[in-house]
Structure formats: C-alpha cells, structure tokens
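Read off the chains here:
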Amino acid sequence: MIRLTVVAIAALAACSGSTSVRPFGGAYTLITVNGLPEPQPLYQNTNNPQIAGGALTVGPDTLYFDLALQPVDANGRAVGDTVSFEARIPYTRQADSLVLEGEGLGAGTIVGSNVRLVLEGPANSTGFTSRANRYLFAPR
C-alpha cells in the first residue's frame, strides 16, 4: 500500500511539472511596454501618442487586445481624451507559445501566469508601422 501511494504522488508531481500546459485565459492588465512601465510611446522616435494603459481578454481562439492611447504635446503633457485602439487577434496555442494568425503580427508566450505579446505597432499618420512593441500582461 505504501509503494502505491508513493507512485501516485510521483505521478501527480510529474503532471504539474514544467512540461505541463499552464492554465491560460481570462482578463489581463498591461504592466510593461518594451520592459518599461507605462506610459510609453506607441511609435519609435516620437512621444505621440503614448500608451497609457491596456487590457487583454483571452477567448478560446481569439485575443481581444485593447490599448489606451493618450495624445501628448511636445513637452509630453497629456492633451485631449484617451483613445482606444482595439484589435481581435486569432491564435492557436502550442504548449506555452501562442501562434498569432495574421501577417506581421508577431508572437505570444505564456510566462508563468503572465502573457507576453510581441506585436507590430499600428500604422501611424504617415502610413508607416513602427518597430514591434513587447507587451507584458498580468492577470487582473
């Protein structure tokens, strides 16, 4: 009987090890952009607009991505109202990797209880996209 109990405990421990699939889903809040706390510029070499916050909601096959963008003046002071930038990103999951479906979107990774997305920025007023931004979301 003792031998059976030890084997069962070892089997349960193996199921919860690093090779198991981490839980994933629900609502997440943006905590960093490119490794820095917000606000951060949305576009490279400009401070306008700034990412003032964000959220990620995970569906079974779609990520609902929402950024709060704050226009700022030349001195970096907020001007006007925050504008929402929303995107629906279809994905498939392969272990802790998220394969984002769409050209040039980037990649996603589940890191512990957090989600890291690398996404191309939306086109700016001149029609050009900026470098990819790295977003880190934590559960709400």
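Just above sits the structure.
Attention in this report is confined to the structure presented alongside it. Because the structure is a prediction, the values reported are computed rather than measured.

Some points on the overall build of the protein
So, point 1. Check the secondary structure of the protein and you find one helix and nine strands.
So, point 2. Secondary structure elements in the protein, listed N-terminal to C-terminal, are α-β-β-β-β-β-β-β-β-β.
So, point 3. Considering the protein as a whole, with its 140 residues, one finds that 31% of them fall into the buried category.
So, point 4. Partitioning the intrachain contacts of the protein with sequence separation of at least 6 by distance along the chain shows that 44% fall at a separation of at least 24.
So, point 5. For the protein, the exposed surface amounts to about 8,400 Å²; the carbon and sulfur share of it is 58%.

With respect to the packing of aromatic side chains
So, point 1. Applying the stated criterion to the full structure yields four aromatic pairs.
So, point 2. A centroid spacing of 5.2 Å and a plane angle of 70° characterise the contact between F65 and Y135, whose relative ring orientation is edge-to-face. Linking F65 in strand β4 (residues 62-70) with Y135 in strand β9 (residues 132-139), this pair joins segments that are 70 residues apart in sequence.
So, point 3. The exposure class of Y135 is buried, given its relative accessible area of 2%.

Remarks on the nonpolar core
So, point 1. By size, the foremost hydrophobic cluster in this structure holds 23 residues, and its most contacted members are L63 and Y135.
So, point 2. Among the secondary structure elements, those contributing two or more residues to this core are β1 (26-33), β3 (50-58), β4, β5 (83-94), β6 (97-100), β8 (114-120) and β9.
So, point 3. Here the element with the most residues in this core is β4; it accounts for four residues.
So, point 4. Discounting chain neighbours no more than four positions away, the residues touching Y135 are L30, T32, V33, L42, I51, F65, L67, V115, R116, L117 and L119.

Let's talk about the environment of A95
So, point 1. Position of A95 relative to the elements: it lies in the loop between β5 and β6.
So, point 2. On a C-alpha basis, the gap between A95 and T109 in space is 9.2 Å, while along the polypeptide they are 14 residues apart.

Here we look at unusual backbone geometry
So, point 1. Here the amide bond leading from E38 into P39 is cis, since omega sits at 0°, within 30 degrees of zero.
So, point 2. Inspection of the secondary structure puts P39 in the loop between β1 and β2 (40-41).

Basis of the calculations
- Residues numbered from 1 in each chain as written.
- Predicted model: local features only at pLDDT ≥ 70, side-chain atom pairs only at ≥ 80, totals over all residues.
- Heavy atoms only, no water.
- Helix = DSSP H or I, 4+ residues; strand = E, 2+ residues; numbered from the N terminus.
- Buried < 20%, exposed > 50% of the residue type's maximum accessible area, 1.4 Å probe, protein only.
- Contact = heavy atoms within 4.5 Å.
- Areas by Shrake-Rupley, 256 points an atom, 1.4 Å probe, with all protein chains shown as cover.
- Phe/Tyr/Trp six-rings, centres within 6.5 Å; stacked < 30°, edge-to-face > 60°.
- Core = buried A, V, L, I, M, F, W, Y, C linked by side-chain atoms within 4.5 Å.

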